[in-house]
Amino acid sequence: MPKPKKRSNRAAGGQHKNVQAFSDDDSSIETMSHCSSFSDVASFAEDAGTEVDEYAAQEDFEYKLRGLIDLTMDKSAKTRQAALEGLKTGLSSKLLYDFIMERRMTLTDSIERCLKKGKSEEQQVAAALACLLCCQLGSGIESEEVFRTIAPVLKSIVCDRSASTQARQACATYLGLCCFVATDDIEDLYTTMECMENLFTKQYHSESGADNCSALHIQALQSWALLLTICHNSEVKKKLDIHLPKLPRLLSCGDVNMRIAAGETLALLFELAREADADFYFEDLEPLTQTLKSLATDCNKHRAKIDRRKQRSVFRDVLKAIEEGDFQPETIRFGRERMHIDSWVKRLTYGTFKELFGSGMQYHLLTNVFLRSIFELGPPMLLDTATIKAMKVSREERHLNNSAAFKARTKARSKLRDKRVDVGEFL
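Thresholds, definitions, all that
- Residues numbered from 1 in each chain as written.
- Predicted model: local features only at pLDDT ≥ 70, side-chain atom pairs only at ≥ 80, totals over all residues.
- Heavy atoms only, no water.
- Helix = DSSP H or I, 4+ residues; strand = E, 2+ residues; numbered from the N terminus.
- Expected span 1.5 Å × (residues − 1).
- Buried < 20%, exposed > 50% of the residue type's maximum accessible area, 1.4 Å probe, protein only.
- Contact = heavy atoms within 4.5 Å.
- Pairing = 2+ DSSP bridges.
- Axes fitted to C-alpha atoms, helices over the stretch in contact; angles between N-to-C directions.
- Parallel < 35°, antiparallel > 145°, perpendicular 65-115°, else oblique.
- Left-handed = near helix turned anticlockwise from the far one by under 90°.
- Nonpolar A, V, L, I, M, F, W, Y, C, P; charged D, E, K, R; others polar.
- Polar contact = N/O pair within 3.5 Å; in protein donor to acceptor, adjacent residues only side chain to side chain.
- pLDDT = per-residue confidence, 0-100.
- Salt bridge = Lys/Arg side-chain N within 4 Å of Asp/Glu carboxyl O.

Once that is clear, we can look at helix α10 (residues 186-200). Taking 1.5 Å of rise per residue, the 15 residues of α10 would be expected to cover 21 Å, and the 21 Å separating its terminal C-alpha atoms lies within 8% of that figure. Here α10 has its buried residues at Asp 188, Leu 189, Thr 192, Met 193, Cys 195, Met 196, Glu 197, Leu 199 and Phe 200. Where α10 is buried, its residues meet α8 (141-159), α9 (165-182), α11 (214-228) and α12 (233-243).

Shown next as structure tokens:
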């Protein structure tokens, strides 16, 4: 792997410019304004007027990206982080395969350097950018090379107790997703899963079922579950034998998010088990369902009201999945297409990618061949930029629709809550 290239004294586009060293406390105003000008790149195409030439807009977009790539090598941590944020926004909002292929090595070296040199916030953004880079490249030798370069650094941060919990949490999330996207090597898959198991299994031995690293353990558990969905049936059975008897212990955890993550993982494991073996039977099913029923109807006052409501909603679905093998389907709409989430596997996969792409998820579902192949959506529809823009609902229209729905909902609830309304008319 070539070493990171030294910064050139020539600005992007070939124009000469005197570059000065930056410190964390005194960043160049010009450099930071360059980064901030790209902070809302996701809305760049949307806000552009129809008279703007599409080719010129793309050139300007890529010009800004090239400048940000150069700034990831800056001495100032603030400048590097701002550049990483801009690149993250750009890669999540557009499909840039050709642009990235030409600069893949440079981007990989920049990300690796920021992960090693940076602190918590910079490491979090760099880890997300590494994952976006793999998603842009798709499954192939290029993304696998990125994974082999970045994965050891991500693993070292995940296992480093001196690193911040937020950085370890982000690295655990994106290490799992990078492995899901990029690797074809079964050994890399199993090694990454083992790294995640070493984290979340610590919760099995915790007396209260919770500790200061519960957020990290939650992300490790979810990443492990995501990787389990692409394992062979024989490996799935091995993992089920190990973890199914132990995972219910996490349902008594003091952290509501850990309880929910454990419940959803159990539903996923039962779904995988029934797919692998039609005659699957779990010996401790009755005590498990009793625990799930208590969580689905939890009314303990010492827990926050919002936590109880969230918990009850999730565990009602988990209980149906484990008792009856049932799943409450949902439909995702993007452009003129529809995608049905009809399993726990697809729900976990969609949720993980949605967290990565954010507001750019719909665009990538429309255009990203790799992402569409994961959800079995077929080849992308041939839509030009104008058609895609026409399918988007304007902000004002969304605001009006939301306001109308809010008013209608408020009137309906007020009528039902009015104590003077005769109860008999609702019977």
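Tracing the backbone through its elements, the reader meets Ile 322 in helix α15 (residues 305-324). Excluding its chain neighbours within four sequence positions, the residues that come into contact with Ile 322 are Leu 266, Ala 267, Phe 270, Arg 274, Leu 285, Leu 288 and Leu 292.

Where burial is concerned, the two faces of strand β2 (residues 337-341) differ: the one with Glu 337, Met 339 and Ile 341 is buried and the one with Arg 338 and His 340 is not. Of the strand pairs in this sheet, strand β1 (residues 330-334) and β2 are connected by five bridges, and their pairing is antiparallel. Looking at the pairing, Ile 332 lines up with Met 339 of β2. Hairpin connection of β1 to β2: two residues between the antiparallel strands, including Gly 335 at a positive phi of 60°.

A few words on the packing of α12 against helix α13 (residues 256-276). Here α12 crosses α13 at 130°, and the two axes come no closer than 10 Å. Our classification of the angle between α12 and α13 gives oblique. With respect to the hand of their crossing, α12 and α13 are arranged in left-handed fashion. Contacts from Asn 233, Val 236, Lys 237 and Leu 240 of α12 reach α13 at Leu 269, Leu 272, Ala 273 and Ala 276. Of the residues contributing to the contact of α12 with α13, the split by class is six nonpolar, one polar and one charged.

Bringing the environment of Leu 377 into the picture now. Along the chain, Leu 377 falls in the loop between α18 (369-374) and α19 (385-391). Given the relative accessible area of 18%, Leu 377 is considered buried.

Within the secondary structure layout, Ser 214 lies in helix α11. Among the polar contacts listed, one links the side chain of Ser 214 to the side chain of Asp 255, at a separation of 3.0 Å. Excluding its chain neighbours within four sequence positions, the residues that come into contact with Ser 214 are Gln 203, Asp 255 and Met 258.

Our next topic: the confidence of the model for the chain. With 77% of its residues at a pLDDT of at least 70, the chain reaches an overall mean of 82. Contacts for the low-pLDDT stretch residues 1-34, under 50 throughout, to residues beyond four places or in other chains number 51 contacts. A low-confidence stretch, residues 36-51 stays under pLDDT 50, and its non-local contacts, those more than four residues away or across chains, total 24 contacts.

Moving on, we get to the pattern of salt bridges. By the definition in use, this model includes 14 salt bridges. With a closest N to O distance of 3.9 Å, Asp 60 and Lys 64 form a salt bridge. Here Asp 60 and its partner Lys 64 are both found in helix α3 (residues 54-71), four residues apart, which amounts to about one turn of the helix. The exposure class assigned to Asp 60 is partly exposed, which follows from its relative accessible area of 31%.

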